[in-house]
Each structure stands twice: as structure tokens, then as C-alpha cells.
Amino acid sequence: MPSPKRRRAGALPLRPLLALAGALVLASLVVLAAWLVALDRQVVRQFEGRRWNLPAQVYARPLEVYAGLRLGAEEFQAELTALGYSRTDQPRSQGSYSRGGTRFRLVTRPFQFWDGRQEPQAATVLFGPGGVTALTGPDGSDLPLLRLDPPFIGNIFTVHGEDRVVLPPDQVPKLLTDTLKVVEDRDFDEHIGVSFRGIARAMLANVRAGSIEQGASTLTQQLVRSYFLSNERTLSRKLREAAMAILLEAHFEKDDLLNAYVNEIYLGQAGDRAIHGFGLASQFYFGRPLTELEPAEIALLVAVVRGPSLYDPRRNPETARKRRDLVLDLMAEFSLLTPEAAAKARSQPLGVRGKASTFASYNPTFMDRVRRELRDDYDDDDLLNAGLRIMTNLDPRLQALAERRLAEGLAELEKTRRKQAGSLDGAVVITGSQTPDIVAIVGGRNLRMQGFNRALDAKRPIGSLVKPAVFLAALQTGQFTLASTLLDAPLTLKLDTGKEWAPENYDRQYRGDVTLARALAESLNLPTVRLGLEVGTRKVATTLRSLGTEKAPPALPSLLLGAVDLTPLEVAQVYQSLASGGFRAPLKAVRAVLDAEGKALARTQLSVDRAADPAAVYQVNAALVEVFERGTARGAKGLLPAGLVVAGKTGTSNDLRDSWFAGFTNDHVAVVWVGADDNRPTGLSGASGALPIWARIVAGFGDNGYEPVPVTGVTEQWFDYDTGFAADPGCADLVRLPLPDGTELPPKPGCEPRAGGGGGMNWLRDLFN
């Protein structure tokens, strides 16, 4: 039998090799197919689910202009500038205006308000020394009201810090999409998601330029990168990006992908807010809607796409300008602009407005309040996905005023008191006087820091801010008037704990008998404690709860001097009830909520309750006016406009830890707190700390002075401020305040009024009027 032949060394049979190779290829194809199927499912599911996310958009109040409005021409122009209105010689398009002296001509923008859609409206506004003197339409006829579009604040809930304004295709200028194709992806309309021709063209252009001038990624690949992937530079990530781009192109129309790109692409950073999409970027860089942008501005936005940090027009204006001009050259080369239009655009400045850190007047503390109100009525999913429009009461002018005055005031206090810079902080809440609208909230001197909200959450002892509630409780009994007297003398109480409490006046002085008016105006502790004990601490606690605290405080004697912790917002609620004449309505930051179609959604009806007897509130408020005339706030008169009548009260906690002032005009209630976060003594009373800041804020309001609505049951009478007696002006310090009808005041011994004067002191009324 012949012996078997040996295979030559290194030789392998061909058929098994082919079989093995085929198996490996088949297995690879199976794995690849499975990977592509899984990837396809992921792409379709995530893209369809995410591209329709419509986070709730939040707006400040719209400025409503009418003849008689107390608003200066400069303030009006500031409003227009903040809204991004373009100044021109002949305003014909929406969002434009002209100015000649005190006369403005403008065309407003369209906007869907809670009471209907407003189309662009042409109008002329004329200003005089007292404000708006005339408002007319294009034909010269008088207009009753002109409403500007409201300033955009931001989105109520952002995903992973992303913020965007989602635009439908009809709100995206064709010039923008055409420019994107020319600059970023000239084969967009033909390729399948990746462009080999584009890759070759980019390589050639970059070699010629000696630098990276063109990218090879298609718009679809850029969209995939933004939607699904990180920015890591690896081959596997690049292959995954190309596959996903091809899959997207297979499932979705080009127009859908382009619109998704317009709304998704990252274009800048505002603090911790990532600016995504051209809709928000237009507001971020130019303060105007995308539809109003000029070619030079569109070119700058497209320039930023290549590198939002490198081409940031605020940080790197020269680099951004060179890139913008390159985009303009391409727009002219591909006939999107005429050479003349492109040259004109290149000659224009970048036109970027504001600072990234203050974009859209974003205020975390006010937005915090908006979120809390919305959570009571809406699910988080609706706020994130339903395209709601949130119309708030935020007044950007007053918000900016309060922020500025608080920061300036704290810095000044630290300097004059030789305190370490940054050792003090504060909070401000501003509401309407006759409406419960919250128009401004400042939660601290670090305006953009999110976290602990002092205005809403810092519960601190309110000190003498409680005293109006004590006096209101007494006046409501009918046993006291502002001319009644109280003893200002040492007092010691034995408490239920067995300890003794001996309160003192702030100045540790005693005055004997004083009127209720003087005790409240000068914030005298001992008369207040005596009054509260006679009325009953439980009645005082109930009165405070009725005015607006979340719950009635413990009815302890220390309550009478403000040993109750409230937030600045709660204090604002209490004083708003006083300013409105004794009627309480819950304070609110949200005015209306509209759905994606602009329809106003039903909300819980606003409840208004009678918090106290209007006649008693009228008397308390009159005494609070005397706080500025004769009491603890008289030092602030020089900080207020001459003749402005205001009402308010100082508050100081034990050891000078908390400095408060709360007060109101006819139009607004303002509350200011100053203190230290670690609760250390500040050395500031209400008059020395919070009051100057409050006065400077109120001085900027432009409000009417406090003038209460007349009530029945009281009559203005003259009496001696110290004793409460009727008296002749030659021997008494007279004050005119409301007293209950029928009140007969005894004459001051040795200082009887002239015959015929009577309890009403008519001759004195005639003299002083």
C-alpha cells in the first residue's frame, strides 16, 4: 500500500479557507445588520420623540401705552431698545420705530395674547412733561391703547441646561436655510446623509487655504451629533454618526431635517443656559425675532455655527467678523445676495447687544416663583412638551431698578459701616398696591445665582413690621382711636415659663402718655406691648393671619414686637392687604397661560377676601404716612421725590440682625430686607439699613403718591400729636388724621381751641387747607 503524501509546508486547502472567510463575512454582515436595525430603531424613536419637545416659554408683562401713562420718552425708548426694535427714518416693518424729539412713530410686532391675537399696529406716541400726552393711529385718530409685545424671559424647564425657541418652517427665513446649505452643506438636497463629494471639496479647500476653512460633515451629520452623540473625536463615533445620518435621511424628509437642524444646533452659552437653535440665538445675540434679521445678522449666526466659542461675537469680535464676512462673500458668490448688498452688509458692525450673562433679563428668583405657581396647576410634562406660553407680571424696568438699587445699597452700607465686602445680603419684593401682581423679585445681590431664594424662603424675624397688625387689631375693636393715649413707661411681664420679660424702647427712653398715632409712627415698643396685651395676643395673631401670613403665629407676648419669622414675600402679602384697603388676594407672578395654539387655559379664579375693616385699615395707613413725616422714616424724605406721599414701616430684629422696610404708594408695594446669611448682627436698624435702599427704589417708580380711597365711618380731625387733645395751633403740635365718626376730643388744658372750633376743628381745617 503506497504511503500517503505529505502536504507541502505552508500550504492550506483553498476550499476551507473560502468557507471560513465566507462565514466570517456572513457573521459580520449579520452583526452589522443587527447593529443597524438597533441603531435604526434608536434613531427613529429618539428623533421623533425629541423633535417635538416644546418647553414652556415665559414672558414678562407687555408695556401698555395710553394717553396719560406716566412714562418718560427716554424710558419708552429704553423699552423699545430692550425689545430689539430697530430705529429707522421711516418705520414700515414690524419691530421698527423712529424718533423726533418727544414724538415716536412705530410698528408693533404681532403677538398672541391671552385676550386674542394682536396684529402689527402702526402708531404715533407723543410725550410731555408728565408722560404720554397723545396716542394716535396712522390716520391721526386717537387710540385707546397700544400694547407692545412682551419681553421673552426664557423657558420654564430646560432639558440638561438646553434652552431653545422652537420655530415652525414658516417662521424661518429662506435666506437662512439657503445660507446654511451654501456654507455648511452644498449637496444637502442630493446626498443620502453623507457627502463624499463634500469631503473631497473640503479637503481641497483646506489644503489651498492652509487652514480649516470648510468642514466635511453634512447638516444631517451635524444634527445627529447634536441629537445623539458626544463631540469625542474617534473613528467609531464618526462611523456611528455617518450611519445614523443615512438612517435619518431614509426615514425623514429633507425639510423636516433642515427645520430640526435650525431648532437644535448649539449656538452659544448664557451662564448655565446652552443656547440652541436659531430662534433663541436671534434673541440672544440681537434681541429680535429671527424673521426681522438683516443679511449681515443672518450671516453672523451662520458664522457662529462653525464654532460658538471661537466665533463668539462678544468675546472674539474680530474673529467673528472675519468669519461673518466670509459667509457674506459666499452668499454673494452663490447669488443669495447681490454684490452691492453683500458689500453693504460687510460694512455694518456686528450689532450684538447686551451681555450673555444678562440675556433676556433672566432672573432665577422670579422664575423660581413662576415655577412654584405653575406646579400647582400643571404637570411637569406639560411644561416641558406642550408648547405653553406663560405670561407673567414681571416688570423688567422695575426688576432692573430693584436689582441695581439693592446691589448699590449693600455696597454703600458695607463701605460706610466698614464691613467686609460681600458680608451683607438682601432681598426685594415689589407688587401692585391695588392688584396682587408680583412685578419684581430680587433674591440676593448675586443676581444670576440659582439656589437659596431669600425673597421666597428666608424666614426671618420681622421686628416692628408687625406693629400695624397690633394697632389694626386694636382699632377694629372700636375701643381705640389714633388720638387715644397709651403709657410709655417701663413694663415687666411674668411669662408662663416663670421667666420675666422686660421689653425696652429702641432708644431706652420713656415719654409718658403718647397717642396711638405717635406710638406707631415712632415705633415705640412699650406702648405697643401694652396695647397688644389689652387687645389680646390671640386677636393680634388672628389679624396677622387675616392679612396674609401662611398661618397664625404663636400668640405669645413677644409676637407684639415682631418675634415671628416671615419671608419677604409673606411680608409683601401682609402690606399689600393694607395698601388695598383691607382686602386680601393671593400674590401671583403668573398672569395667564396659553396653549400651543394661543388659547387661554382655564385657571382657578382669583379669590379676594376682606382681611380687615376698611375703616380701621384707613386709620392705620394714615398713621403709616406719619412714619415719614414724624417717625422712624423721616430721614428718607430727602431720597424721595419732593411731595411724594408714601406709607410704610421700619422693622428691626433683636441684636440688629435683620433690617426691614415695607411700604407703599398708590401703585406699588415694596419690601426690602437686609441681613447676613449666617445670622450674625449687622448693626443695622430698619431705618439705617433697608430704608435707604427702599427709598431709592421707590424714587425710581414714577408712581403717584399714596392717596387712599375714601371710606365711610371716619372723619379727618385735627388734634395734638402728643396728647390727643383738641388744641389751638399756637400751643400744640397738631396732626390731622382720620378718627371714627362722632369722636369728640377733649380740649388740651390751657390750650383750648377757639370758640366755634368744636371737636371737628373746622377753623383749623380751613386754615391748613
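Preceding this section is the structure that the text describes.
Below is a summary of the structure that appears in this document. Every value quoted in this text rests on a predicted model; they were computed, and no experiment measured them. Throughout, residues of each chain are indexed from 1 in the direction in which the sequence is written. The model is predicted, so local features are restricted to residues of pLDDT at least 70 and side-chain atom pairs to those at 80 or more, both for listing and for counting; the totals for chains, interfaces and linings are taken over all residues. Values shown for side chains rest on all heavy atoms present in the structure; no hydrogens or waters enter the calculation.

### Digging into the pattern of salt bridges
Rule in force here: What counts as a salt bridge is simple: a side-chain nitrogen of Lys or Arg found within 4 Å of a carboxyl oxygen of Asp or Glu. Numbering goes from the N terminus for both helices and strands, where a helix is a DSSP run of H or I of at least four residues and a strand is a run of E of at least two. Under the scheme applied here, a residue whose accessible area is under 20% of the maximum for its type counts as buried, over 50% as exposed, and between as partly exposed, the area being computed with a 1.4 Å probe on protein chains only.
Scanning the entire structure with this criterion turns up 41 salt bridges. The partner of E119 in a salt bridge is R117, and the shortest N-O contact between them spans 2.9 Å. A salt bridge links R405 to E408, with the nearest nitrogen and oxygen atoms 2.9 Å apart. Of the two residues, R405 and E408 both sit in helix α14 (residues 396–416), three residues apart, roughly one turn of that helix. A relative accessible area of 24% means that R405 is categorised as partly exposed. Taking relative accessible area as the criterion, E408 reaches 39% and is therefore assigned partly exposed. A cluster of three or more residues bridged by salt bridges with shared partners is formed by R61, E79 and D395.

### Overview of the packing of helix α10 (residues 317–333) against helix α11 (residues 339–346)
Selection rule: Under this scheme, a helix contributes an axis fitted over its contacting stretch, all axes are lines through C-alpha atoms, and angles between N-to-C directions fall in the 0 to 180 degree range. Should an angle fall under 35 degrees it is called roughly parallel, over 145 degrees roughly antiparallel, and 65 to 115 degrees roughly perpendicular, with every other angle called oblique. It only takes one pair of heavy atoms within 4.5 Å for two residues to be counted as in contact. Each residue is assigned to one class: nonpolar for Ala, Val, Leu, Ile, Met, Phe, Trp, Tyr, Cys and Pro, charged for Asp, Glu, Lys and Arg, and polar for all the others, Gly among them.
Direction vectors running N to C along α10 and α11 enclose 170°, while the axes themselves pass 9 Å from each other. In this view, α10 runs roughly antiparallel relative to α11, as classed from their interaxial angle. Of α11, the residues touching α10 (which contributes R321, R324, D325, L328, D329 and A332) are A342, A345 and R346. For the contact of α10 with α11, the per-class residue count stands at four nonpolar, no polar and five charged.

### As for the environment of L656
Mapped onto the secondary structure, L656 falls in the loop between β27 (647–652) and β28 (658–664). Its relative accessible area of 24% is what places L656 among the partly exposed residues. For the pair L656 and G675, spaced 19 residues apart in sequence, the C-alpha separation works out to 8.8 Å. Each residue touching L656, except ones within four places of it in the same chain, is listed here: Y506, P681, T682, G683, L684 and S685.

### A few points about the sheet that holds strand β9 (residues 131–136)
For the record, the criterion: At least two DSSP bridges between two strands are needed for those strands to be called paired.
Pairing within the open sheet is mixed, and its five strands lie in the order β3-β4-β5-β8-β9. Since the sheet does not close on itself, it has two edges, and those belong to β3 (86–87) and β9, each with one partner.

### Focus on the side chain of R518
Threshold: Here a polar contact is recorded for every N or O atom pair within 3.5 Å, except that within protein the pair must consist of a potential hydrogen donor and a potential acceptor, and residues adjacent in sequence are included only if both atoms are side-chain atoms.
Residue position: R518 is located in helix α17 (residues 516–521). Taking the relative accessible area as the measure of exposure, R518 reaches 15% and is therefore buried. Side chain to side chain, R518 and D722 meet in a polar contact 3.2 Å long. Look past the residues within four positions of R518 in its chain and what remains in contact with it is R511, S523, L524, Y721 and D722.

### Let's talk about the packing of aromatic side chains
Worth spelling out the cut-off: By convention, a stacked pair of Phe, Tyr or Trp rings (six-membered ring in the case of Trp) has centres within 6.5 Å and planes under 30 degrees apart, an edge-to-face pair has planes over 60 apart, and any other such pair is tilted. The rule is short: NZ of Lys or CZ of Arg within 6 Å of the ring centre and within 35 degrees of the ring normal puts a charge over the ring.
One pass over the full model with this rule turns up 13 aromatic pairs. Here the aromatic rings of Y59 and F152 are separated by 5.6 Å at their centres, their planes lie at 65°, and the arrangement is edge-to-face. Of the two residues, Y59 is situated in strand β1 (residues 57–59) and F152 in strand β11 (residues 152–155); the sequence distance between them amounts to 93 residues. Aromatic pair F628 and F661: ring centres 5.6 Å apart, planes at 75°, arrangement edge-to-face. In this pair, F628 sits in helix α21 (residues 614–629) while F661 sits in strand β28, placing the two residues 33 residues apart along the sequence. When sorted by exposure, F628 lands in the same class as F661, which is buried. Geometry around F113 places R147 over its ring, the cationic atom sitting 4.5 Å from the centre.

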